Amino acid sequence: MGCSAFGKMKKHSLVMATALMLNGTALAAGPMNKDLYDRATQARPAVLKLLESLVNIDSGTGSEKGLDLVGAMVADEAKKLGMRVEFSSAAPAVGKNLVASLKGTGKARILLMAHMDTVFADGTAAARPFRIQGDRAYGPGVVDDKGGIVAALFAIRLLQQIKFTDFSQITLLVNTNEETFSKGTFPLIESLAKQHDVTLSMESGRAADGLVIWRKGTADLLIDVKGKSAHAGVAPEAGRNAAMEASHQMLQMSKLGDSAKLTTVNFTVIHAGERANVIPNAATVRGDMRATELAEFDRVEKEMARMAESKLIAGTEVKSSLTRGMAPMPVTARTQALAARAQAIYGELGLKLTMEGSGGAADANFASGVGAAALDGFGIVGGAIHSEDEYAELNSIAPRLYLLARMIMDVSTKPLQR
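Since the model is a prediction, treat every value here as computed from it, not as a measurement. (Residues numbered from 1 in each chain as written. Predicted model: local features only at pLDDT ≥ 70, side-chain atom pairs only at ≥ 80, totals over all residues. Heavy atoms only, no water.)

Chemist: Looking at this structure, I do not really get the pattern of salt bridges. What am I missing?
Modeler: Pairs can form between side chains of opposite charge once their charged atoms are near each other. Throughout the structure, instances matching the rule amount to 20 salt bridges. In this structure, the salt-bridge partner of Arg-136 is Glu-393, at a minimum N-O distance of 3.1 Å. Here Arg-136, found in strand 5 (residues 136-138), pairs with Glu-393, found in strand 18 (residues 391-393); they are 257 residues apart in sequence, far enough to count as distant. Arg-136 sits in the partly exposed class, given a relative accessible area of 25%. Using a relative accessible area of 1% as the deciding quantity, one classes Glu-393 as buried. A salt bridge links Lys-414 to Asp-410; the shortest N-O distance between them is 2.9 Å. For Asp-410, a relative accessible area of 6% gives the class buried. (Salt bridge = Lys/Arg side-chain N within 4 Å of Asp/Glu carboxyl O. Helix = DSSP H or I, 4+ residues; strand = E, 2+ residues; numbered from the N terminus. Buried < 20%, exposed > 50% of the residue type's maximum accessible area, 1.4 Å probe, protein only.)

Pasting the structure below:
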């Protein structure tokens, strides 16, 4: 494999789980498929060429022109692989979701999910185009998630090169609006996940060379306060300060997080008043909640309503609400079984995956929410996502292509039990 910063980082990384267990026993690594790995290694120049082309197109979630260009490029690559390509509206988001499918001769149905949108504004690609420095590639969206798109396409290409067709169907979904919670794609994700046996999400591999086995669910929090205006200098006592009450509510409700259960409650946006010399008669506070358990959303919702009755300023009116977003992606027996297989496959290369969780929600949450066996983080390894320093580890390309291709082979020939 060669020695690299990527390899050294792996040796010294914090491993959240040293082995995944299936029926109480770690799955043993088998022999490496040398032909497959050699082909994965040889694919690197072509991988980088396609990755550069995709990264150098601005495709922020609202950039319809860029999303259409990326979608067309991905569609062309998928058609070269003999895949059937369909586009569908991503309304209320812009752009068109892409679904490419490939028929095989077996029984397993495997869904791969990636997204073409980034968090970067138009002009970013020109200002910071794709570049390689040492063992890393840089550029907007290089691993989140254009590296995931490229990895999916090339893993399918590798399977074709070795003439592996023992699957019923491989489907690649490329979403236009993942960065804004997939509001224009989640019904499609849920529908496709139900139709497939396994869902593998192509979000970037964790910096320590990890997969994501659980993700938190999300909720939006709102505190709405009504008070009474008055002159702040002449008669402040005649008013009912909505800003002060909102601050009180925000502080007491922020204690609803539970570190033991990995539940976080953070208030992030507050608005009150227009003039410094007027006691504000209204205030709103918005917040973010993340949890690994559905029951936690019920608990926080009830506790917020109870706390709203405990006021600092008499005469104010306080209302609270919790709007559920993505459901959690929990660790399940099927998730553990998939992760154990992935660990054994990586062991064929003498490598070891970290098995990690994330407070960030992603499309795998939607798949998991409808009961799909889902595992995340199958893209190229990288880090510093959503920043100008976002990078991809070049020495992870061949191992990650091998991992994904072998996972498809494994679940095709040894179906996952329901």
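Once you've had a look at it, read on.
Chemist: Please explain helix 2 (residues 34-42) as it appears in this structure.
Modeler: Owing to its 3.6 residues per turn, the α-helix brings residues three or four apart onto one side. Residues of helix 2 that are buried include every one of Leu-36, Tyr-37 and Ala-40, and no others. Down the axis of helix 2, the buried side of the element spans an arc of 95 degrees, and every buried residue falls inside it. Of the exposed residues in helix 2, those oriented more than 90 degrees away from the buried face are Lys-34 and Gln-42. (Arc of directions from axis to C-beta.)

Chemist: When you look at the sheet that holds strand 3 (residues 109-115) in this model, what are you seeing that I'm missing?
Modeler: Overall, mixed pairing links the six strands, which are arranged 1-2-6-3-7-16 in an open sheet. Looking along the sheet, the strands with just one partner apiece sit at the ends: strand 1 (84-89) and strand 16 (374-375). Inspection of the sheet shows strand 3 paired to strand 7 (residues 198-201) by four bridges, in the parallel sense. Each bridged residue has a counterpart across the sheet, and for Ile-110 the counterpart in strand 7 is Val-198. (Pairing = 2+ DSSP bridges.)

Chemist: Sorry, what's going on with unusual backbone geometry here?
Modeler: With the exception of glycine, the majority of residues adopt a negative phi angle, and the majority of peptide bonds are in the trans configuration. With an omega dihedral of 10 degrees, the bond running from Ala-91 to Pro-92 counts as a cis peptide bond. Tracing the chain through its elements places Pro-92 in the loop between strand 1 and strand 2 (96-103). The step from Asp-144 to Asp-145 runs through a cis peptide bond, and the omega angle for that step is 10 degrees. Of note, the phi angle at Phe-181 is positive, near 65 degrees, even though the residue is not glycine. The topology assignment puts Phe-181 in the loop between strand 6 (169-175) and helix 7 (186-195). The class for Phe-181 is partly exposed, based on a relative accessible area of 40%. Even without being a glycine, Ser-182 presents a positive backbone phi close to 55 degrees. In this fold, Ser-182 is placed in the loop between strand 6 and helix 7.

Chemist: What's the story with the packing of aromatic side chains in this structure? I'm lost.
Modeler: The geometry of an aromatic ring pair is captured by two quantities: the separation of the ring centres and the angle between the planes. Per the counting criterion, the structure on display carries three aromatic pairs. On the numbers, 6.2 Å between centres and 35 degrees between planes, the contact of Phe-164 with Phe-167 is tilted. Taken as a pair, Phe-164 and Phe-167 share a single burial class, namely buried. Plain terms: the ring middles of Phe-186 and Phe-366 are 5.4 Å apart, the flat faces sit at 20 degrees to each other, and that makes the pair stacked. Of this pair, Phe-186 sits in helix 7 while Phe-366 sits in helix 11 (residues 363-369), and the two are 180 residues apart along the sequence. (Phe/Tyr/Trp six-rings, centres within 6.5 Å; stacked < 30°, edge-to-face > 60°.)

Chemist: Explain the pairing of strand 6 to me, please; I cannot follow it from the model alone.
Modeler: A regular strand places its side chains on the two faces of the sheet in alternate fashion. The buried fraction of strand 6 amounts to seven of the seven residues, a majority that puts the element mostly inside the structure. By the alternation rule, side chains of strand 6 split into Gln-169, Thr-171, Leu-173 and Asn-175 and Ile-170, Leu-172 and Val-174, which are all buried. Sheet topology note: the strand 2/strand 6 ladder contains six bridges and is antiparallel. Bridge assignment links Ala-100 to a residue of strand 6, and that residue is Leu-172. Sheet topology note: the strand 3/strand 6 ladder contains seven bridges and is parallel. Residue pairing for strand 6: His-115 is matched across the bridge by Asn-175.

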